[in-house]
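# Fold and geometry: a report
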Amino acid sequence: MIKKYSNNIFALHTWAGIMAGLGLLLLSLTGSILLFQHNIDHAFYEPELESTHETESGVAYDKALATIREAYPHWNIRIHLKPAQASRPLLFDLRRPGKKIHVYTHPATGKILSELSERSSVTMIALKLHYSLMAGLSGRIIVAILGMLFLLSLLTGLYLYRNKLLKMLSFQWTTNKRRRRKKYAFWHNLVGTWSLIFNLLIAITGLYLCYLVVANGFRITGQQEQPNPPAIHASLATVLANVTDSHPGFTPSYIKLPVAPASVITVYGSMQDDFFLFDHYANRLTVHPKRGSLEKRYFMRNQPTTTQLAALMKPLHAGEFGGLAIRILYLLAGLSIPVLSITGYLVNWKR
């Protein structure tokens, strides 16, 4: 009975790995690119600025916004503020239903420097492949299924090799490496054991993010209205100054401008005393677009434990904490996913 049960678990482990194999290879590759998204964008897409007296005068948010609103009317406008330096261009994230572009502007003059479409950016292509396979709602669902198969293969593998974990961790398990299938099985088990905790973390956090992405996909299915942004009378420079003055320790990182007459300006950012795993968008303040007055405040430290746990999912999945060293560790650990896919396939080839 126990042997039959173990055989069924082994069959689940095998087929889950086989069905998810190619998809996991693609997700691993795109995930590796996204680990260094900001570095790639800075190196290959961000225009270089010559050092002049203009770049020493500070960031002219309002000039840049006026230029963007004139050149791109009826777009959902978002502004990346981290890092906000006079020596580097401002990055505007512009969106419409089914379309997204990045526009760089001069930080002092507000002049448009370059435009980058989804199809011309490696990182934007990688992002869309990673969460939807560039196939809309159907792709989002397929990615979620791949995540469930990945988690199933990890849990069944943990059950099957539960008595060998300590031996594998201490390199005490040997096998007949002259037999090709045994050699592949050895490496499959060794890599799977050493990367188990990391891969469980990636699978669980990834499934939670898939749930959000799929739910949002169902929400926006159908005819989507074009953005109809209202006039903004409040100065962005003044808004940012008021936000930081009234909330010491708050560092703005992202602005989402209103897309409809009843909408507000939302300023996302981090607090100095935030838990280190929270990302730079965990807190937000809303501002009236005409009066410039603060409307609502949302600080992650004041939220329920379940909300705080949910806020950890993306930073843990994407390695958005700890800097370059953590991203390199994620990259190295992430190599285990294609290794497991390939060795698992070779183990079962012509079985």
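Use the structure listed above.
Residues numbered from 1 in each chain as written. Predicted model: local features only at pLDDT ≥ 70, side-chain atom pairs only at ≥ 80, totals over all residues. Heavy atoms only, no water.

A few words now on the overall build of the protein chain. When helices and strands are counted, the protein chain shows 13 helices and eight strands. For the protein chain, with 351 residues in total, the buried portion stands at 42%. Restricting the contact set of the protein chain to residue pairs at least 6 apart, pairs at least 24 apart contribute 61%. In the structure as shown, the protein chain presents an accessible area of about 19,700 Å², 60% of it carried by carbon and sulfur atoms. Put simply, the protein chain has 37 plus and 18 minus side-chain charges, and the middle of one group is 23 Å from the middle of the other. (Helix = DSSP H or I, 4+ residues; strand = E, 2+ residues; numbered from the N terminus. Buried < 20%, exposed > 50% of the residue type's maximum accessible area, 1.4 Å probe, protein only. Contact = heavy atoms within 4.5 Å. Areas by Shrake-Rupley, 256 points an atom, 1.4 Å probe, with all protein chains shown as cover. Lys, Arg positive; Asp, Glu negative; His and termini not counted. Charge placed at Lys NZ, Arg CZ, Asp CG, Glu CD.)

With that settled, consider the environment of lysine 182. Summarising the element assignment, lysine 182 is placed in helix H7 (residues 180-194). For lysine 182, a relative accessible area of 35% translates into the label partly exposed. Placed 90 residues apart in sequence, lysine 182 and phenylalanine 92 show a C-alpha to C-alpha distance of 53 Å.

Turning our attention to the packing of aromatic side chains. Here the distance between the centres and the angle between the planes together describe a pair of aromatic rings. A full pass over the atoms with the stated rule returns nine aromatic pairs. Centroid distance phenylalanine 275 to phenylalanine 276: 4.9 Å. Interplanar angle 70°. Geometry classified as edge-to-face. Centre to centre, the rings of phenylalanine 276 and phenylalanine 321 are 6.3 Å apart; their planes meet at 75°, and the pair counts as edge-to-face. Here the residue phenylalanine 276 occupies a position in the loop between strand E6 (265-271) and strand E7 (283-287), and phenylalanine 321 occupies one in the loop between helix H11 (313-318) and helix H12 (324-334), the gap between them amounting to 45 residues. Of the aromatic side chains, those joined through ring pairs into one cluster are Phe198, Phe275, Phe276, Phe278, Phe321 and Tyr330. Directly above the aromatic system of phenylalanine 299 lies the positively charged group of arginine 301, at a separation of 5.3 Å from the ring centroid. (Phe/Tyr/Trp six-rings, centres within 6.5 Å; stacked < 30°, edge-to-face > 60°. Lys NZ or Arg CZ within 6 Å of the ring centre and 35° of its normal.)

It is worth spelling out the nonpolar core at this point. If you look at the biggest cluster of nonpolar residues, it comprises 29 residues, and the most contacted ones within it are Ile79, Phe92, Leu94, Ile255 and Leu257. Where this core is concerned, the elements lending two or more residues are helix H3 (61-71), strand E1 (76-80), strand E2 (90-96), strand E3 (99-105), helix H9 (236-246), strand E5 (250-256), E6 and E7. Here isoleucine 255 is in contact with Ile77, Arg78, Ile79, Leu81, Leu236, Leu240, Ile265, Thr266 and Val267, once residues within four sequence places are set aside. Formed by 18 residues, the second largest nonpolar core is a distinct cluster that contains Leu24, Val143, Leu149 and Ile337. (Core = buried A, V, L, I, M, F, W, Y, C linked by side-chain atoms within 4.5 Å.)

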